[in-house]
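Architecture and fold: a report
This is what each chain is made of:
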Amino acid sequence: MNGLIMDYQLNIPLIMKRAETVYADKEIVTRLPDKSIHRYTYADFVKRAKKLTLALQKLGVQPGERIGTFCWNNYHHLEAYFGIPGAGGVLHTLNLRLSPDELTYISNHAEDRVVIVDKVLLPLFEKFKDNIAGLRHVIVAAPEPSEDLAEGYLDYEKLLAEQDEKDFVYADPQENEAVAMCYTSGTTGRPKGVLYSHRAIVLHSLTAASTSVMAMSESDTVVPVVPMFHANAWGIPFTATLVGAKQVFPGQYLDGESLLDLLEKEKVTFTAGVPTIWLGISIALDKQPDRWKLVNGLRMVVGGSAAPEALIRNLDKHNLKVIQAWGMTEMAPLGTMANLPSYLLDSPSDEQYAYRSLQGTPAPLIEIRGRGEEGFIPWDGQALGELEVRGAWVASAYYNSPEGADRFTEDGFFRTGDIVAIDPHGCIRIADRSKDLIKSGGEWISSVDLENALMGHPAVAEAAVIAIAHPKWQERPLALVVLKEGETASVNELMTFLQPRFAKWSLPDNIEFIEAIPRTSTGKFMKAALRTRFKDYTLPNVEF
Ligand code: AMP
């Protein structure tokens, strides 16, 4: 219509242009493979991202081609996040925790033409490199130019040194063009690709930065501990660059002590990762509560799997504020976030903790609903159903994959596979993955609720609850518990601990102590492996 405002394309180059002009002197810090610290400014970062764009263009990268990255969280990877889109390429982050077979499948399916690899990861990359059919170039990144690269490899630093950033011209791609892709960790069937558009990433970044979600700003110092190869580190490198926050990358050092050193030295105010990481930090802080001086109220976003209430409480004791978020690769990945609402500000702390251990309310521009066996569930906080979502950064299909088409409803929602209750304010509680729910005599038992309760016992480090086939009840819960180092607890003691919190029929029939819980490449409990290990398990006779 005549007189309408500009048709302004929301694209990634805009984020880089802003970083260059508004935040030129802000800092980007990386822990290098030799554990030393690398520092440079946003101005340096943009200059090098531009040179990467120019180098890729000279290597013949065509718009829309997929360019893989096989890197830890570091400044090279950040340059790739912006340099690849600058050349019109699609940033495809490869998950280095997957097996060579999975990586072969994913890289071929995505048709990666160039891959940027951290030099320290070359031995891992070489396990599948020769199986990538259309691969034209491998660019090896390290803090210094490498003189010892084998035939066929290009050196990242030398490539950049050959470019003059004055040749760079900002592209203005259409906002609905593809710019990045990630593969889901493949809960069922083959891993599936999700293709993100410029628009989805820009809107995701803006919303994530807003005060009703992550409240990230220029005054923050941000550490994405969540890998940049997992759902774009939850979009944090894009969000932090958009708002001009100081960024700190931990490289390959993700143990509690290394992270705490970094959080202390760089005066970090915001970090994000899976519960396992914060469990490591929580244990290190319990052992040496006075060793690190962290910023008071440091915000830690926890997602990827449920944050146990005991973990939230314990980190509070150390003045660290856990905020739970839920998301999926299929939604770039932010879905919901559990910021304490105003109506709970004056409530007793138990009520506040109960809320903070939920997954939270949908981010603006995300719609949710729950589908039960008899239609959509009421938002009463009780009824359970499968969560369906749609919104500005939710996948509409998997990339080149007929498999998985049934995950998208006819009216444009994505079926998440997560079973939830939704309260009257739209706050969700994830009861389980649909395949992990335990159905006993027609009633659903939430393994997550039992796990969280068990992890509240002082002797328990971790707990996973799985279904065991049962002649009368179809399925019954078995709890698998890992005790904290040096702690003891008996089955009876743990059962007595659970009893006041659960109906008798929803308690586990037995508890087994195991040495460790197997995990997926993205840190989630690998319940399928536990189900296989305990498939012939005989439960004791329990009356209820
Ligand atoms: P991914 O695509 O690998 O990030 O995995 C997404 C899945 O992780 C979701 O469908 C959930 O099952 C699980 N998940 C993510 N965040 C949470 C959370 N805060 N609580 C419980 N489960 C979560």
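See the structure printed just above.
All residue numbers refer to positions counted from 1 along the written sequence of the respective chain. Where totals are concerned, whole chains, interfaces and linings use all residues; where local detail is concerned, this predicted model gives features only for residues with pLDDT of at least 70, and gives and counts side-chain atom pairs only at 80 or more. Hydrogen atoms and water are omitted, and side-chain values are computed over all heavy atoms in the structure.

What follows is about the overall build of the chain. Along its length, the chain carries 16 helices and 26 strands. Our radius of gyration looks at C-alpha atoms and nothing else; its globule reference is 2.2 Å times the residue count to the power 0.38. Relative to a compact globule of 544 residues, whose C-alpha radius of gyration would be 24 Å, the chain shows 24 Å and is just as compact. For every residue, the accessible area (1.4 Å probe, protein chains only) is compared with the maximum for its type, and the residue is labelled buried under 20%, exposed over 50%, or partly exposed between those bounds. Relative to its full complement of 544 residues, the chain shows a buried share of 58%. Put simply, of all contacts in the chain between residues at least 6 apart along the chain, 67% involve residues at least 24 apart. Counting from the N terminus, the helices are DSSP H or I runs at least four residues long and the strands are E runs at least two residues long. The contact definition used throughout considers only heavy atoms, calling two residues in contact when any of these lie within 4.5 Å.

This part takes up the sheet that holds strand S13 (residues 298-302). DSSP bridges decide pairing: two strands pair if at least two such bridges lie between them. One open sheet holds the 9 strands; their spatial order is S2-S1-S11-S10-S12-S13-S14-S15-S16, and the pairing between them is mixed. Lying at the two open borders of the sheet, with one neighbouring strand each, are strand S2 (37-41) and strand S16 (361-362). Across the sheet, helix H2 (residues 42-58) touches strand S1 (27-31), S2 and strand S11 (246-249), and the angle it forms with S2 is around 85 degrees. Each axis is a line fitted through C-alpha atoms, and for a helix only the stretch in contact is used; angles between axes span 0 to 180 degrees, taken between their N-to-C directions.

A cutoff of 4 Å decides nearness: a residue is near a molecule or strand if any of its heavy atoms lies inside that distance of it. Residues in contact with the ligand amount to 16 residues; listed here are only the nearest, Gln324, Ala325, Thr329, Asp418 and Arg433. Within the contact set of the ligand, an oxygen atom lies 3.1 Å away from a side-chain nitrogen or oxygen of lysine 524. Expressed as a share of its isolated accessible area of 500 Å², the protein-covered part of the ligand is 92%. Under the scheme applied here, ten amino acids are nonpolar (Ala, Val, Leu, Ile, Met, Phe, Trp, Tyr, Cys and Pro), four are charged (Asp, Glu, Lys and Arg), and all others, including Gly, are polar. Partitioning the shell around the ligand into residue classes produces 4 nonpolar, 9 polar and 3 charged. We define a polar contact as two N or O atoms separated by no more than 3.5 Å, with the added condition that, inside protein, one atom must be a possible hydrogen donor and the other a possible acceptor, whereas residues neighbouring each other in sequence contribute only through side-chain atom pairs. In these tables, accessible area is a Shrake-Rupley quantity obtained with a 1.4 Å probe, and a residue counts as shielded only by the protein chains included in the view.

Now for the nonpolar core. The set of buried Ala, Val, Leu, Ile, Met, Phe, Trp, Tyr and Cys residues whose side-chain atoms join them within 4.5 Å is what this entry labels a nonpolar core. Phe82, Ile116, Trp278, Ile281, Leu315 and Trp393 are the most contacted members of the largest nonpolar core, which has 118 residues in total. When residues of this core are assigned to their parent elements, the largest contribution, 8 residues, is made by H2. Leave out the neighbours within four places in its chain, and isoleucine 116 touches Leu52, Gly68, Thr69, Phe70, Cys71, Ala80, Ile84, Ile139, Ala141 and Tyr156. If you look at the next biggest cluster of nonpolar residues, it comprises 24 residues, including Trp72, Val115, Leu121 and Val140.

This part covers the sheet that holds strand S19 (residues 385-391). Backbone hydrogen bonds are what pair the strands of a sheet, in a parallel or an antiparallel way. Taking strand neighbours across the sheet as the criterion, the 5 strands line up as S18-S17-S19-S20-S21 in an open arrangement whose pairing is antiparallel. Two strands bound the open sheet, and with one partner strand each, they are strand S18 (375-376) and strand S21 (428-433). Sheet analysis places strand S17 (residues 366-372) next to S18, joined by 2 bridges and oriented antiparallel. By the bridge assignment for S18, arginine 371 is matched with phenylalanine 376.

Below, the discussion takes up the packing of helix H10 (residues 256-265) against helix H11 (residues 275-287). Where H10 meets H11, the closest approach of the two axes is 8 Å, and the angle between their N-to-C directions is 80 degrees. Between H10 and H11, the angle falls in the class roughly perpendicular. On H11, the residues touching Gly256, Leu259, Leu260 and Leu263 of H10 are Ile277, Gly280, Ile281, Ala284 and Leu285. In terms of residue class, the contact of H10 with H11 is built from 7 nonpolar, 2 polar and no charged. Roughly parallel means an angle under 35 degrees; roughly antiparallel means over 145; roughly perpendicular covers 65 to 115; every other angle is labelled oblique.

This part covers the pairing of S11. A two-sided burial pattern is seen for S11, the buried positions comprising Lys246 and Val248 on one face and Gln247 and Phe249 on the other. Relative to S11, S1 runs parallel, the two being bridged by 3 bridges. Across the sheet, the residue bridging to isoleucine 28 is glutamine 247, located in S11. Two elements, strand S10 (residues 221-224) and S11, share 2 bridges in a ladder whose sense is parallel. When the bridges of S11 are listed, threonine 221 appears paired with lysine 246.

Moving on to H11. What a helix is expected to span follows from its residue count: subtract one and scale by 1.5 Å. Along its 13 residues, H11 runs 18 Å from first to last C-alpha, staying within 8% of the 18 Å computed at 1.5 Å per residue. Regarding H11, the residues found buried are Pro275, Ile277, Trp278, Ile281, Ser282, Ala284 and Leu285. Contact partners of the buried residues in H11: H10, strand S12 (270-273), S13, helix H12 (309-317) and strand S14 (320-327).

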